[in-house]
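A closer look at the structure
The lines below spell out each chain.
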Amino acid sequence: SPPAMRTHPACVLPPRGLAFSTRSNEPGAPRSRVRRRQMTLVLVYLWLPAFAAGFAQPHVHRLQGSAHRVSFQRVQHRACLSAARAEADDEWPLLRDVRRAVHDYALIQPGDRIAVAVSGGKDSSTLAFLLKRLKERRLLPFDDWSFTTVHLDQVQPGHDAQSLEAWLEGEGIDFHLLREDTYSVVTEKTRPGASYCSLCSRLRRGILYTAAAELKSNRLALGHHRDDALETLLLNMVHQGQLKALPARYRARRGIDVIRPLMYIGEKQIAEFASSRGFPILPCNLCGSQPDGTPGQRQQMKLLLSALDGLGDGKARANMLTALADVRPTHLLDRDLREACGLDRASGALRYERGRAVAHGEPNEAAAEEATAEEEAAAEKQ
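Rules and cut-offs
- Residues numbered from 1 in each chain as written.
- Predicted model: local features only at pLDDT ≥ 70, side-chain atom pairs only at ≥ 80, totals over all residues.
- Heavy atoms only, no water.
- Helix = DSSP H or I, 4+ residues; strand = E, 2+ residues; numbered from the N terminus.
- Contact = heavy atoms within 4.5 Å.
- Areas by Shrake-Rupley, 256 points an atom, 1.4 Å probe, with all protein chains shown as cover.
- Phe/Tyr/Trp six-rings, centres within 6.5 Å; stacked < 30°, edge-to-face > 60°.
- Buried < 20%, exposed > 50% of the residue type's maximum accessible area, 1.4 Å probe, protein only.
- Right-handed = clockwise from strand over helix to strand, strands pointing away.
- Pairing = 2+ DSSP bridges.
- Core = buried A, V, L, I, M, F, W, Y, C linked by side-chain atoms within 4.5 Å.
- Axes fitted to C-alpha atoms, helices over the stretch in contact; angles between N-to-C directions.
- Parallel < 35°, antiparallel > 145°, perpendicular 65-115°, else oblique.
- Nonpolar A, V, L, I, M, F, W, Y, C, P; charged D, E, K, R; others polar.
- pLDDT = per-residue confidence, 0-100.
- Polar contact = N/O pair within 3.5 Å; in protein donor to acceptor, adjacent residues only side chain to side chain.

**Considering the overall build of the protein chain**
Broken down by element type, the protein chain carries 13 helices and six strands. Long-range contacts, defined as pairs at least 24 residues apart, comprise 68% of the intrachain contacts of the protein chain with a sequence gap of at least 6. Approximately 23700 Å² of the protein chain is accessible, and the part contributed by carbon and sulfur atoms is 54%.

Have a look at this one:
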């Protein structure tokens, strides 16, 4: 018999010299009859499960087919949910950075009415959309704030804001249209070889301040991002000799707070997001070009930043933005800044307690050593 049959209890023969009856356990029954009984039990034991499985196989197949269909439907449902979540979650990294900027610089406060300047470019359109989603998803600890969008038509040739207006209204965002001929003023007043950007931005900013006051808004939101701040930093260093960039928030002369919620977001992220969402983009004939067709100063700074991207670990832009938030007056040459921070104008040593937060490195250690020396001298006199 096969090995499996030998191990079954029914296949174990009684000890030699004993025999059992098929009707009773009394000794004396023929050994052949006992063996037939044992073989019958073995066959029943082996065939019955196989017979039962063969009889139930069609039913099992039907149940398995139904289970497979249900499982496939669940997989399809989960795939649809994953695709929807992926489309919704592509905004989360940007919303997270906006919320972080709002928290760090108190860009939005309870009761604020914000006028959002939308030029029709990718940056301002992304800003308007993210502020809308920030409010819809209740990502701030308060809900009593509102915003409206303001678009300035500068009367550029071929300019048409209907697509922008239709998109904003479709998103449920309030829209206001202004019309001022600043295009001709900029082209006439800019001297040959100079940049359009400076005069254009000043004229546009003044109009937006007036519009925000008329709309009873206490804050004006602009779509400047991280790369804009770094380009401005390089522009001021190279052309103006100043260490100055774009702040995330400042108080304008007219008493309105100017905020930049996209300060922690790079231009590449914004461009990819705007492209994936299909935001309408209105071209500008002034930005990035000069009368002779040469790249403007800001475009040159973009090229410089692109060159810096290839250095080190590729985090030049992120590190430069971090540097703007970690200024060390003791290691700069601005004597007035040192004095305003409570440091000595010449040496940078700590003079007042308010300067302890910015007294880094050696000057702070020197001040501590000086204080220790004074204490020891006072103890010797006593």
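**A word on the packing of aromatic side chains**
If you walk through the whole model with that rule in mind, you get five aromatic pairs. Ring centres of Phe 129 and Phe 279 lie 5.5 Å apart, and the angle between their planes is 50°; this geometry places the pair in the tilted category. Of the two residues, Phe 129 is situated in helix H4 (residues 122-136) and Phe 279 in the loop between helix H9 (267-277) and helix H10 (297-309); the sequence distance between them amounts to 150 residues. Phe 279 shares its class with Phe 129; the two are buried. Taken together, a centroid distance of 5.9 Å and an interplanar angle of 75° make the contact between Phe 273 and Phe 279 edge-to-face.

**Brief notes about unusual backbone geometry**
Not every positive phi belongs to a glycine, and Arg 138 is a case in point at roughly 50°. Judged by relative accessible area, which is 62%, Arg 138 ranks as exposed. A positive phi angle is found at Lys 216, which is not glycine, with a value near 60°. With respect to the helices and strands, Lys 216 occurs in the loop between helix H7 (197-214) and strand S4 (219-221). Of the residues examined, Lys 216 reaches a relative accessible area of 69% and is grouped as exposed.

**Here we look at the pairing of strand S2 (residues 146-153)**
Burial analysis of S2 places seven of its eight residues in the buried class, the great majority of the element. Tracing the backbone out of strand S1 (residues 113-117), into H4 and back to the parallel element S2 gives a crossover that is right-handed. Relative to strand S3 (residues 175-179), S2 is paired through five bridges, and the arrangement is parallel. Following the sheet pairing, His 151 is matched in S3 by Leu 177. What joins S2 to S3 is helix H5 (residues 162-170), and the crossover it makes is right-handed.

**Some details on the nonpolar core**
With 42 residues, the main nonpolar core has Ile 108, Leu 130, Leu 134 and Trp 145 as its most contacted residues. Breaking this core down by element, the ones donating at least two residues are helix H3 (92-105), S1, H4, H5 and H9. Per-element accounting of this core gives the leading share, six residues, to H4. The contact partners of Ile 108, leaving out residues within four places of it in the chain, are Val 102, Ile 114, Leu 131, Leu 134, Leu 140, Phe 142, Trp 145 and Arg 219.

**Here's the deal with the packing of H4 against H9**
Put simply, H4 and H9 touch, their axes get as near as 9 Å, and they point 75° apart. Between H4 and H9, the crossing angle belongs to the class labelled roughly perpendicular. Across from Lys 122, Asp 123, Thr 126, Phe 129 and Leu 130 in H4, the residues of H9 making contact are Glu 267, Ile 270, Ala 271, Phe 273, Ala 274 and Arg 277. A per-class count over the contact of H4 with H9 returns six nonpolar, one polar and four charged.

**What to know about the confidence of the model for the protein chain**
Per-residue confidence for the protein chain gives a mean pLDDT of 81, with 71% of residues at or over 70. Scored below 50 in pLDDT, residues 16-26 makes 16 contacts in the model with residues more than four places away or belonging to other chains.

**Observations concerning the environment of His 159**
Its place among the elements puts His 159 in the loop between S2 and H5. Residue classification places His 159 among the partly exposed residues on the basis of a relative accessible area of 23%. Expressed as a C-alpha distance, the spacing of His 159 and Pro 283, which sit 124 residues apart in the sequence, is 7.9 Å. Not counting residues within four places of it along the chain, the set of residues in contact with His 159 comprises His 151, Asp 153 and Leu 282. For His 159, the side chain forms a polar contact with the side chain of His 151, separated by 3.0 Å.

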